[in-house]
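Residue strings, one per chain:
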Amino acid sequence: MNWVVFAILALLALTAVTVARLRQLWAAVMFTGIYSFLSASWMMILDAPDVAFTEAAVGAGISTVLMLSTLALTGEQEQPTKRSPLVPLLVVTITGGALIYGTLDMPHYGDPNAIVHLHPDPSFVERSLEDMHGLPNVVTALLASYRGYDTLGETTVVLTAGIAVLLILRRDEMERPAIASRAKRRKRKASA
Amino acid sequence: MIKFPIIRVITKLLIPYILLFAFYVQFHGDYGPGGGFQAGVIFASGLILYGLVFGLDAIKRVAPPIVIEKLMALGVLVYAGTGFATMLLGGNFLDYDVLEHSFNHQYLPGGQHLGIFVVEVGVGITVTSVMTMIFYAFASRSRFV
């Protein structure tokens, strides 16, 4: 399994660098889709299939479509920047160094004595089967039952995000005649 | 609408399975990996795929925006309503234990199982409709679809 892990991680890094270097935005969007797909595969290896589902559907599917439809409205070429890349490079290096320093304290992958497996209450895992009357999926039990309030909040956040997008983007009936007349004016100007 | 016959045929073949998989992830989420959030985005991506290939008008006939708009709020209502139902039955907010033997338990699962099931359905409805609605908002602005 080891070489699959290394291959996926190497491809992830390669894709990230490619996205950063590309100036053609269509290609960059496609590469972010590939990046999401690779992350989904990586999460499958880490035994988190539900996160992998979400990453594949949202990251590789829906958000790619949304980015592409945004590009259809804007341009497909990134403006070349004139500023020197030194300061961003410094910032990225320092941030990356801090993140790597942060990983030094982290427990090994799958360590049963890791804090996350001990701290809140290991008995969640032990009690779940009895509390849930034989429902085997501890993740669902935690999300929907033990932390039901939390998930209610998350669902409300999704609703709020949807409402916000609608308020910003929706072209309602009031606005449509204005846009049509603007397009007509532009056409008249072009033909004149 | 896309003219390429291969894309149209393959999409028509794939969409039922995408939607079926979404239902599987939704209703099997208590036993296997999955749940409302995952099922919601998978279902929405099936709808969005239909919209991409067959056009915005076609998808708006299948899932009218005015209905999707209401469903966005309905999901949260189902979730919070479960909480209030448990309060009315004498428990705490979202305390599913009081659902045990409250309903027709020959046909419905009881207690925690029923609570989790209903709550996940609520999450699924909200996530599906919000994702679809965001797609409508983007697509009706651009000439992309």
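Residues numbered from 1 in each chain as written. Chains lettered and ligands numbered in written order. Predicted model: local features only at pLDDT ≥ 70, side-chain atom pairs only at ≥ 80, totals over all residues. Heavy atoms only, no water.

Undergrad: Would you mind going over the overall build of chain A with me for this structure?
TA: Counting secondary structure elements, chain A contains 9 helices and 0 strands. Its helices and strands taken in sequence order, chain A reads α-α-α-α-α-α-α-α-α from the N to the C terminus. Evaluated residue by residue, chain A yields a buried proportion of 24% over its 192 residues. Within chain A, counting contacts between residues at least 6 apart in sequence, those at least 24 apart form 47% of the total. If you sum the accessible surface of chain A, you get close to 13700 Å²; carbon and sulfur atoms cover 69% of it. (Helix = DSSP H or I, 4+ residues; strand = E, 2+ residues; numbered from the N terminus. Buried < 20%, exposed > 50% of the residue type's maximum accessible area, 1.4 Å probe, protein only. Contact = heavy atoms within 4.5 Å. Areas by Shrake-Rupley, 256 points an atom, 1.4 Å probe, with all protein chains shown as cover.)

Undergrad: How should I be thinking about the interface of chain A and chain B in this particular structure?
TA: One widely used convention gives an interface's size as the accessible area the parts lose upon coming together. Listed as interface residues are 42 residues of chain A and, on the opposing side, 46 residues of chain B. Buried surface at the junction of chain A and chain B, summed over both partners, amounts to about 4000 Å²; 75% is from carbon and sulfur atoms. The largest contributions to the chain A side of the interface with chain B come from F53, I62 and L169 of chain A, which together make up 14% of the buried area. Inspection of the chain A/chain B interface yields 0 salt bridges. Here chain A is connected to chain B by 10 residue pairs in polar contact (both at pLDDT 80 or more). Elements supplying a minimum of two residues to the side of chain A that touches chain B: α3 (49-73), α7 (138-146) and α8 (148-169) of chain A. (Buried area = accessible area lost by both parts, 1.4 Å probe. Salt bridge = Lys/Arg side-chain N within 4 Å of Asp/Glu carboxyl O. Polar contact = N/O pair within 3.5 Å; in protein donor to acceptor, adjacent residues only side chain to side chain.)

Undergrad: Looking at this model, I keep getting lost on the packing of aromatic side chains. Mind explaining?
TA: The geometry of an aromatic ring pair is captured by the separation of the ring centres together with the interplanar angle, meaning the angle of the planes. Residues and elements named next belong to chain B. Tallied over the full model, the rule gives 9 aromatic pairs over all chains. Geometrically, the ring pair formed by F27 and F117 is stacked, given 5.5 Å between the ring centres and 25° between the ring planes. Of this pair, F27 sits in helix α1 (residues 5-27) while F117 sits in helix α5 (residues 111-139); the two residues are 90 residues apart in sequence, bridging distant segments of the chain. Of the residues examined, F27 reaches a relative accessible area of 39% and is grouped as partly exposed. You can call F117 partly exposed: its relative accessible area is 31%. Where F135 meets Y136, the ring centres are 6.4 Å apart and the plane angle is 45°; that geometry is what we call tilted. The same class applies to F135 and to Y136, which are both buried. Through pairs of rings, three or more aromatic residues link up here, namely F23, F27, F43 and F117. Above the ring of Y136, the side-chain terminus of K60 is found at 5.7 Å from the ring centroid. (Phe/Tyr/Trp six-rings, centres within 6.5 Å; stacked < 30°, edge-to-face > 60°. Lys NZ or Arg CZ within 6 Å of the ring centre and 35° of its normal.)

Undergrad: Got a minute to help me understand the side chain of T11 of chain B in this structure?
TA: Residues and elements named next belong to chain B. Assignment of secondary structure puts T11 in helix α1. Among the residues examined, T11 registers a relative accessible area of 5% and is labelled buried. Those residues in contact with T11 that sit more than four places away from it in its chain are L49, V53 and F54.

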